[in-house]
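# Structural description and commentary
Residue strings, one per chain:
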Amino acid sequence: MKRIFTTVAAVALAAIATGLWQLSKTTSGVTVEPAQVGATPATVFRPSAEGAAPVVVIAHGFAGSQQLMQPFALSLARAGYIAVTFDCLGHGRNPQPLRGSITEAEGATKALV
């Protein structure tokens, strides 16, 4: 019984190590920096190569977050762009709530525009 437990633990640790190694590879060649625009949390993805690059701002959809846009940002950064993701009001890590109704121009619609 002890041998089975040891084998299962070794396999589990190997799987965890492999997963962590694969996750670390996703950002190779890209510099990822947290940023803040006012109270809005953002993340900047830059190619590791120095120099000027075009900037792409990536916005998520309703009920989304910048974490969902990370694969797009990483792909763009690997292609030589600077990609910026952010969390809209009331989404992800943005501490400010999205208030009002989307049917009234002065409510959530104005905040989103």
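Reference entry: report on the structure contained in this document.

Rules used throughout
- Residues numbered from 1 in each chain as written.
- Predicted model: local features only at pLDDT ≥ 70, side-chain atom pairs only at ≥ 80, totals over all residues.
- Heavy atoms only, no water.
- Helix = DSSP H or I, 4+ residues; strand = E, 2+ residues; numbered from the N terminus.
- Buried < 20%, exposed > 50% of the residue type's maximum accessible area, 1.4 Å probe, protein only.
- Contact = heavy atoms within 4.5 Å.
- Areas by Shrake-Rupley, 256 points an atom, 1.4 Å probe, with all protein chains shown as cover.
- 1 Å grid on protein atoms, 1.4 Å probe; cavity = no way out; pocket = protein on both sides within 12 Å on 5 of 7 lines; lining within 4 Å.
- Points joined across faces, edges and corners; volume = space filled by probe spheres on them.
- Nonpolar A, V, L, I, M, F, W, Y, C, P; charged D, E, K, R; others polar.
- Pairing = 2+ DSSP bridges.
- Axes fitted to C-alpha atoms, helices over the stretch in contact; angles between N-to-C directions.
- Core = buried A, V, L, I, M, F, W, Y, C linked by side-chain atoms within 4.5 Å.
- Polar contact = N/O pair within 3.5 Å; in protein donor to acceptor, adjacent residues only side chain to side chain.

### Some details on the overall build of the chain
If you tally the helices and strands in the chain, you get three helices and four strands. Going residue by residue from the N terminus, the α and β elements of the chain occur as α-β-β-β-α-β-α. Within the chain, buried positions represent 24% of all 113 residues. Of the contacts formed within the chain by residues at least 6 apart in sequence, a portion of 55% connects residues at least 24 apart. Split by element, the accessible area of the chain, about 7,800 Å² in all, is 66% carbon and sulfur.

### Notes on the layout of surface pockets
In this structure, the largest pocket occupies an estimated 180 Å³ of space. Lining the largest pocket are T31, R46, P47, S48, A49, E50, G51, A52, A53, G80 and I82. Split by residue class, the lining of the largest pocket holds five nonpolar, four polar and two charged.

### Points about the sheet that holds strand 1 (residues 30–37)
The four strands lie next to each other as 1-2-4-3, forming an open sheet whose pairing is mixed. Looking at which strands have only one partner, the edges of the open sheet turn out to be strand 1 and strand 3 (55–58). Strand-to-strand twist across the sheet, computed as the mean angle between neighbouring axes with direction ignored, equals 20°. Two strands pair when backbone bridges link them, and strand 1 and strand 2 (residues 40–47) are joined in this way by eight bridges, in the antiparallel orientation. Bridge pairing links Q36 to P41 in strand 2. Contacts between helix 2 (residues 70–78) and the sheet are confined to strand 1, strand 2, strand 3 and strand 4 (82–86), with strand 2 contributing the most and set at about 35° to the helix.

### What to know about the nonpolar core
With eight residues, the main nonpolar core is built from V30, F45, I58, M69, A73, L74, A77 and A83. Here the element with the most residues in this core is helix 2; it accounts for three residues. Beyond its immediate sequence surroundings of up to four residues, V30 is in contact with F45, R46, S48, L74, A77 and R78.

### Looking at the side chain of T43
Relative to the helices and strands, T43 is located in strand 2. You can call T43 buried: its relative accessible area is 10%. Once residues within four sequence positions are removed from consideration, T43 is found in contact with V32, E33, P34, A35, Q66, A83, V84, T85 and R93.

### As for the environment of R46
Looking at the secondary structure, you find R46 in strand 2. R46 sits in the partly exposed class, given a relative accessible area of 33%. A distance of 3.3 Å separates polar atoms of two side chains, one belonging to R46 and the other to E33.

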